Amino acid sequence: MPDLSPVKRALLSVSDKTGLIELGQALARHGVELLSTGGTAKALRDAGLEVADVADVTGFPEMMDGRVKTLHPAVHGGLLALRDNDDHVAAMESHGIAGIDLVVVNLYPFEETVAKGAEYAEVIENIDIGGPAMIRSAAKNHGFVSVIVDTEDYAPFIAEMDAHGGQTGYALRQRLAQTAYARTSAYDMAVSTWMAGAVEGTPRRRTFGGSLVQSLRYGENPHQSASFYADGSGAPGLATATQHQGKELSYNNINDTDAAFALVSEFRPEDGPACAIIKHANPCGVARADSLAAAYERAFDCDRTSAFGGIIAVNQPLDGATAEAISGIFTEVVIAPGADDDARAVFAKKERLRLLTTDGLADPTAAGLAVRQVSGGWLVQDRDVGRVAAGDLKVVTKRQPSAQEMVDMQFAWTVAKHVKSNAIIYVKDGATVGVGAGQMSRVDSTRIAARKAQDMADVMGLPAPLTQGSVVASDAFFPFADGLITAAEAGATALIQPGGSMRDDEVIAAADELGLAMVFTNMRHFRH
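For clarity, every value in this text was computed on a predicted model and none was experimentally measured.

Draft legend 1. Expanded view of the overall build of the protein chain. The number of helices and strands found in the protein chain is 19 helices and 23 strands. Put simply, the protein chain has 528 residues, and 47% of those count as buried. Of the contacts formed within the protein chain by residues at least 6 apart in sequence, a portion of 57% connects residues at least 24 apart. Per element, the accessible surface of the protein chain, about 24900 Å² overall, is 51% carbon and sulfur. Computed over 46 positive and 66 negative side-chain charges, the separation of the two mean positions in the protein chain equals 4 Å.

Draft legend 2. Local environment of the packing of aromatic side chains. With the rule as written, the count across this model stands at six aromatic pairs. Arranged with centres 5.0 Å apart and planes meeting at 35 degrees, the rings of Tyr120 and Trp194 form a pair that is tilted. Highlighted residues: Tyr120 in helix α7 (residues 120–125) and Trp194 in helix α10 (residues 170–198), separated in sequence by 74 residues. A relative accessible area of 44% places Tyr120 in the partly exposed class. Each residue in the set Phe110, Tyr120, Tyr187 and Trp194 is aromatic and connected to the rest through ring pairs, giving one cluster. Geometry around Phe330 places Arg352 over its ring, the cationic atom sitting 4.3 Å from the centre.

Draft legend 3. Region of interest: empty space enclosed by the protein. In this structure the tally under the stated criterion is one cavity of 30 Å³ or more. The volume enclosed by the largest cavity comes to roughly 40 Å³. Lining the largest cavity are Asp301, Cys302, Val433, Ala453, Met456, Ala457, Leu462, Pro465 and Leu466. Across the lining of the largest cavity, the residue classes tally to eight nonpolar, no polar and one charged.

Draft legend 4. Main features of the sheet that holds strand β2 (residues 9–14). One open sheet accounts for five strands, arranged β4-β3-β2-β5-β6; its pairing is parallel. In this open sheet, the two edge strands, each paired with only one partner strand, are β4 (52–53) and β6 (146–148). Summarising the sheet, β2 and strand β3 (residues 33–36) pair through four bridges and their orientation is parallel. Note that in β3 the partner of Leu12 across the bridge is Ser36. Where helix α8 (residues 130–140) meets the sheet, its contacts fall on β2, β5 (102–106) and β6, and the angle it forms with β5 comes to roughly 145 degrees.

Draft legend 5. Main features of unusual backbone geometry. Residue Ser421 is joined to Asn422 through a cis peptide bond whose omega torsion reads 0 degrees. You can see Asn422 is positioned in the loop between α16 (403–416) and β19 (424–428). Of note, Asp429 is a non-glycine position whose phi angle comes to about 55 degrees, a positive value. Of note, Asp429 is situated in the loop between β19 and β20 (431–436). Judged by its relative accessible area of 44%, Asp429 is partly exposed.

Draft legend 6. Quick look at the side chain of Thr113. Structurally, Thr113 can be placed in helix α6 (residues 110–115). Here Thr113 is in contact with Ala118, Glu122, Val123 and Asn126, once residues within four sequence places are set aside.

Draft legend 7. How the structure looks around a nonpolar patch on the surface. A surface patch of nonpolar side chains, about 410 Å² in accessible area, is lined by Phe208, Leu369, Val371, Trp378 and Val380. At the level of secondary structure, the elements contributing two or more residues to the nonpolar patch comprise β16 (369–374) and β17 (377–382). Judged by relative accessible area, which is 32%, Leu369 ranks as partly exposed.

Draft legend 8. Region of the structure containing helix α12 (residues 292–300). Along α12, the residues classified as buried are Leu292, Ala293, Ala295, Tyr296, Ala299 and Phe300. Within α12, the buried residues cover an arc of 160 degrees as seen down the axis, which keeps them to one side. Contact partners of the buried residues in α12: β11 (274–279), β12 (282–288), α13 (304–307), β13 (310–314) and α14 (320–326).

Draft legend 9. Representation of the nonpolar core in the model. In this structure, Leu238, Phe267, Val286, Met409, Val415, Ile425 and Ile496 are the most contacted members of the largest nonpolar core, which totals 43 residues. Examining the composition of this core, we find that seven residues originate from one element, α16, more than from any other. The contacts of Val415, once residues within four sequence positions are left out, are Leu263, Phe267, Pro283, Val286, Ile425 and Thr432.

Draft legend 10. Representation of the state of the cysteines within the structure. A full pass over the atoms with the stated rule returns zero disulfides. Cys284 provides the cysteine sulfur closest to Cys275, a residue in no disulfide bond, and the two sulfurs are 9.5 Å apart. Take Cys284: it sits in no disulfide, and the sulfur closest to it among the cysteines is that of Cys302, at 7.3 Å. On the basis of relative accessible area, Cys284 is assigned to the buried category, the value being 7%.

Thresholds applied
- Residues numbered from 1 in each chain as written.
- Predicted model: local features only at pLDDT ≥ 70, side-chain atom pairs only at ≥ 80, totals over all residues.
- Heavy atoms only, no water.
- Helix = DSSP H or I, 4+ residues; strand = E, 2+ residues; numbered from the N terminus.
- Buried < 20%, exposed > 50% of the residue type's maximum accessible area, 1.4 Å probe, protein only.
- Contact = heavy atoms within 4.5 Å.
- Areas by Shrake-Rupley, 256 points an atom, 1.4 Å probe, with all protein chains shown as cover.
- Lys, Arg positive; Asp, Glu negative; His and termini not counted.
- Charge placed at Lys NZ, Arg CZ, Asp CG, Glu CD.
- Phe/Tyr/Trp six-rings, centres within 6.5 Å; stacked < 30°, edge-to-face > 60°.
- Lys NZ or Arg CZ within 6 Å of the ring centre and 35° of its normal.
- 1 Å grid on protein atoms, 1.4 Å probe; cavity = no way out; pocket = protein on both sides within 12 Å on 5 of 7 lines; lining within 4 Å.
- Points joined across faces, edges and corners; volume = space filled by probe spheres on them.
- Nonpolar A, V, L, I, M, F, W, Y, C, P; charged D, E, K, R; others polar.
- Pairing = 2+ DSSP bridges.
- Axes fitted to C-alpha atoms, helices over the stretch in contact; angles between N-to-C directions.
- Patch = residues over 30% accessible without salt bridge, like charges linked within 9 Å, V, L, I, M, F, W, Y side chains within 5 Å.
- Salt bridge = Lys/Arg side-chain N within 4 Å of Asp/Glu carboxyl O.
- Arc of directions from axis to C-beta.
- Core = buried A, V, L, I, M, F, W, Y, C linked by side-chain atoms within 4.5 Å.
- Disulfide = S-S within 2.5 Å.

This is how it looks when you write it as C-alpha cells:
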C-alpha cells in the first residue's frame, strides 16, 4: 500500500452544496473524472464542469424516488477493490468496474428534518441509505480511497492534491476515514434516538455521538484533556452561541455557562427580566425585577463573594445599563439572547470577559436525554422537565400561604431544580437571599444558606438578614423537622417541599406549631 495514492475518478453526491463548485473545479484542474447524481450533477454542469451520471456507470436509472441509485457493484466494487490485490484487479477487469478514488457525500438532512417537527413519514424519507453505504465502503478502503463528509475538509483536501500533483497521502486518507465513520455513527445515532422516541418501551441498544465544536485547553483540571461536541440538534445554547470577545471557553466555563443558561431559560422573557449567577455549576444568586439591571443587582446581593469570577445569564437581550452593572466585578462569562451596541461597547473594555449571545432561550419543557458515563457503561434518563403549577400545590398546614409567599415559593421551587442536592433555597420578593447546595445533610444546607444571608446582611449594613420574612424551597422532603425548624429560626415564614417522608406528620405538626405555611409538590428535583 503506497503512501501517495492518485485521484483519477471521484463520485460526488451532496445535499449541502456549500463549496461544491470550488471542489469540482479543483478536481477538474487535476484531470479527475467526475461522477455524480441528481441535483449535485446539475449544479456541477451549470458551473461548466463535465460530469458523468452514475446511472451511466451502473446501467440502471435512479428509481423508487431516488431510493436506489448508487447501491450497485459498479459503484461499491470501484470503492472497495484493493488496487494492489491481483484477484481484486482481475475481478474489476472481468466485470468492467473502474476504480473510484474519492467519494464526497454529505447525507440527507435527517437531523434538520426532525428539528423542524416533520411528520413521521417525511422523517423516514430523510434517512439516507446509499450515502452511508458509500461512505463506509470508501472509508474501509482508505489505503487507496479518500472520503469527504464535511465541507470543512474541502480546502485541506484541495491543498493536499495541489501539493502532491493530484495525489493524497495516507495520513490524510486515514483522518478522513475516521471522520467519515464518526459521521455515519452520529447519523445512525440520530436515527435510532428519534425512533426510540417513536416506539414504546426502553430501547435495548443506545448510541451517542456528536461533531467537534472545539478542542479545549484541558478538562476540569490541567492534567485532563477535553473537547466540546455538538449533538446536531441546533438548539439555542452553548453549541450554537456566538462568542463576541475574550479568550476561548474552558471546560469549566462551558459546564457552568450551560448551567446558567438552563436556569435562566426557566423564566420566559415575556414574564419579565431575570438573571442567574452561577459558580461551580450552582446558583449563587437568581432574581427577577422590572429591569435586567435591577435583576442583576438583586441576584448579586444574594452572595456577592461567590459572584466574583462567576457566570451570568439573563433572559432578555443585554442593554448598556445592565452591562455597566455587571462590569463592576470580574465575571468570566455573560450569556444572553442578544446584546445591543451599548452593552457590547461596555464589555469591549473588559478583555477577560467572554460575551456569548444566542438566538433564543432553551426550552425547559423540551424532551431529551441526560447521559452520564459510569464505570463500564452509561446512565441514561429523561431530562428533568418536571413543572408544578399553582393548582398542583397542596397546602398541608393550618395557615394558608399569602399570595406573595405562593409566588416566591414557586420561584424558589424553580431555582431548586438547578441546585445540587441537598438543595435549600431562601427567596424573598422574587430573589434568592440564601442558597445551600451539595451538602450530605439537608439541615446543613439550611444552615449554610442562612449563614450566607447573615454574612451578606453584615456586608450590606442591613439590620437583619433578608431571610427574615422569606420562603424556603427544598428539592426533596424534610426527613425530620430539624431542617424546617432551622429555616424558621432564620426567619422563613413558608416552605415548599415534595412531601412523602415517613415523618410528614411530624414535620407538618412542627410547621403548625411555628405558625408556618407549607405546601407539598409531590415532585422532587434531585440533582447530582
